[in-house]
Amino acid sequence: MESYVSIGVMSGTSLDGLDLVACRFTFDQSWNYEILKSLTIPYSHKWVTKLSTATELNALDFAFLNNDLGKFIGKQVAEFCADLPQKPDLVSSHGHTIFHQPENMLTVQIGSGASIAAYSGLRTACDFRTLDVALEGQGAPLVPVGDELLFGDFDFCLNLGGIANISFSENGERKAFDICPANMAFNHFIKELGYEYDLDGNCGRTGQVQEELLRLLNDLEFYQQKGPKSLGREWFENDFLPLINSFQLAPNDALRTLYEHVSDQICLAVDQYPKGRMLITGGGAHNVFLIELFSEKTKHKTIVPSSQIIDFKEAIIFAFLGVLRLREEANCLKSVTGTNHNHSGGVIYLP
């Protein structure tokens, strides 16, 4: 039986913090995982500001930010690993996405892998998306390999992070695509009320659906495209937000309309397939109102797991992607991203 201990590091588009998870992966005819430790480190106001304004930096300051984030991650990983029973085989870092324009063969995740390796003292795998985009793929989503090999008991894996995405098997091939904005949209409007997130969806629950806005959102061109397809902050800021802002709604009405929109789009994405069991993870799985709305609309059986799986599933899978990269095995699937072959993405730095 083969065994690896890998540290998954995830920084999501919702800017809620840095997720760290230590996992032991074992292979004996099939893959299994065990969570050894998990931790979310909330971003300080300073880091939220730095990351949310990174697109405005000049080239030199952008390079400094890349190194600074890598140094920060490396130090957090070193502290996180101090009490683990054994030294990890590697760190596997998603980085923080700043630019994602696959149509222009560009994707950029900052958090220097060299700095992570230097400050953590551990072999580091990072930069998982760029090879796929260079091969004319979408570079996203990357979790479907892990969904298939670690969470294959479920027919569908829905992730409600900054962006909602889905993964499932069809005719023996893994399919996956981004569906719509999720927490990045909810968090944007709840901040107008002075909160970081809409606890249980309670603020949105009190609002009214703006039917005309809902119709226009559901008619956006992205939703007419077939997968593979992916979303980035650019689309959110240039196409999605201006439409909502043009209605000048109260925050709770904007949120209520968004909950309706997101639940509509997820149903449209998945209800065309045979009824099955759907695992729901990501921060949005804690949003009681959103899960109620979606569960009422969909024909699938929705399953919300333990908080640890909800919060750390993406980090678990990125820890796993690093193991696959170390083994030079495919961690990116052509059926998901649209490239012409499966491949093993990621750059490895030695400390």
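Everything numeric in this text was worked out from a predicted model, so none of it was measured.

Student: Explain the packing of helix H6 (residues 183-190) against helix H10 (residues 251-270) to me, please; I cannot follow it from the model alone.
Tutor: When two helices pack together, you describe them by how their axes are tilted relative to each other and by the distance separating the axes. Remark: H6 packs on H10, axes separated minimally by 9 Å, with the N-to-C direction vectors making an angle of 170°. In terms of axis orientation, H6 runs roughly antiparallel to H10. Contacts from Ala185, Phe186, Phe189 and Ile190 in H6 reach Pro251, Ala254, Leu255, Leu258, Tyr259 and Val262 in H10. Here the contact of H6 with H10 is built from residues that sort into 10 nonpolar, no polar and no charged.

Student: Whenever I open this one, the pairing of strand E6 (residues 106-110) confuses me. Can you help?
Tutor: A regular strand places its side chains on the two faces of the sheet in alternate fashion. When strand E5 (residues 96-101) meets E6, the two strands line up antiparallel, connected through five bridges. Bridging from a neighbouring strand, Gln101 pairs with Leu106 of E6. Hairpin remark: E5 followed by E6, antiparallel, with four residues in the connecting loop; positive phi at Met105, about 55°.

Student: What's the story with the layout of surface pockets in this structure? I'm lost.
Tutor: Quantified by volume, the second largest pocket comes out at close to 440 Å³. Phe177, Gln225, Lys226, Gly227 and Gln272 are the residues nearest the centre of the second largest pocket, which is lined by 21 residues in total. Contributions of two or more residues to the lining of the second largest pocket are made by strand E9 (163-170), strand E10 (173-181) and H10. It is E10 that provides the largest number of residues to the lining of the second largest pocket, a total of five residues. Counted by class, the lining of the second largest pocket contains nine nonpolar, seven polar and five charged residues.

Student: Just to check I follow, could you spell out the environment of Cys81 for this structure?
Tutor: Locating Cys81 in the fold gives a position in helix H2 (residues 59-81). In sequence terms Cys81 and Thr26 are 55 residues apart; their C-alpha atoms lie 19 Å from each other.

Student: Can you help me understand the nonpolar core in this one?
Tutor: Within soluble globular proteins, side chains that are nonpolar generally end up buried alongside one another. Residues Leu158, Ile166, Ile179 and Phe240 are the most contacted members of the largest nonpolar core, which totals 48 residues. Among the elements that make up this core, the one with the highest residue count is H10 (nine residues). Excluding residues within four positions of it along the chain, Phe240 makes contact with Pro181, Ala185, Leu217, Leu220, Tyr223, Trp235, Leu258 and His261. Within the second largest apolar cluster, 34 residues are counted, among which are Phe25, Ile35, Ala176 and Ile317.

Student: Where do I start with the sheet that holds E9 in this structure?
Tutor: One key point about sheets: their strands pair by backbone hydrogen bonds, in either a parallel or an antiparallel sense. Spatially, five strands are ordered E10-E9-E8-E11-E12 in an open sheet, and the strand pairing comes out mixed. Here the strands that pair on one side only, and so sit at the sheet edges, are E10 and strand E12 (301-303). The sheet shows a mean angle of 20° between the axes of neighbouring strands, taken without regard to direction. As defined by bridge partners, strand E8 (residues 156-160) adjoins strand E11 (residues 277-281) across four bridges and the pair is classed as parallel. Following the sheet pairing, Leu158 is matched in E11 by Ile280. The sheet contacts of H10 involve E8, E9, E10 and E11, and relative to E10 the element is tilted by about 160°.

So, how was this worked out
Residues numbered from 1 in each chain as written. Predicted model: local features only at pLDDT ≥ 70, side-chain atom pairs only at ≥ 80, totals over all residues. Heavy atoms only, no water. Axes fitted to C-alpha atoms, helices over the stretch in contact; angles between N-to-C directions. Helix = DSSP H or I, 4+ residues; strand = E, 2+ residues; numbered from the N terminus. Parallel < 35°, antiparallel > 145°, perpendicular 65-115°, else oblique. Contact = heavy atoms within 4.5 Å. Nonpolar A, V, L, I, M, F, W, Y, C, P; charged D, E, K, R; others polar. Pairing = 2+ DSSP bridges. 1 Å grid on protein atoms, 1.4 Å probe; cavity = no way out; pocket = protein on both sides within 12 Å on 5 of 7 lines; lining within 4 Å. Points joined across faces, edges and corners; volume = space filled by probe spheres on them. Core = buried A, V, L, I, M, F, W, Y, C linked by side-chain atoms within 4.5 Å. Buried < 20%, exposed > 50% of the residue type's maximum accessible area, 1.4 Å probe, protein only.

Functional significance is not addressed by these values, which are geometric in nature.
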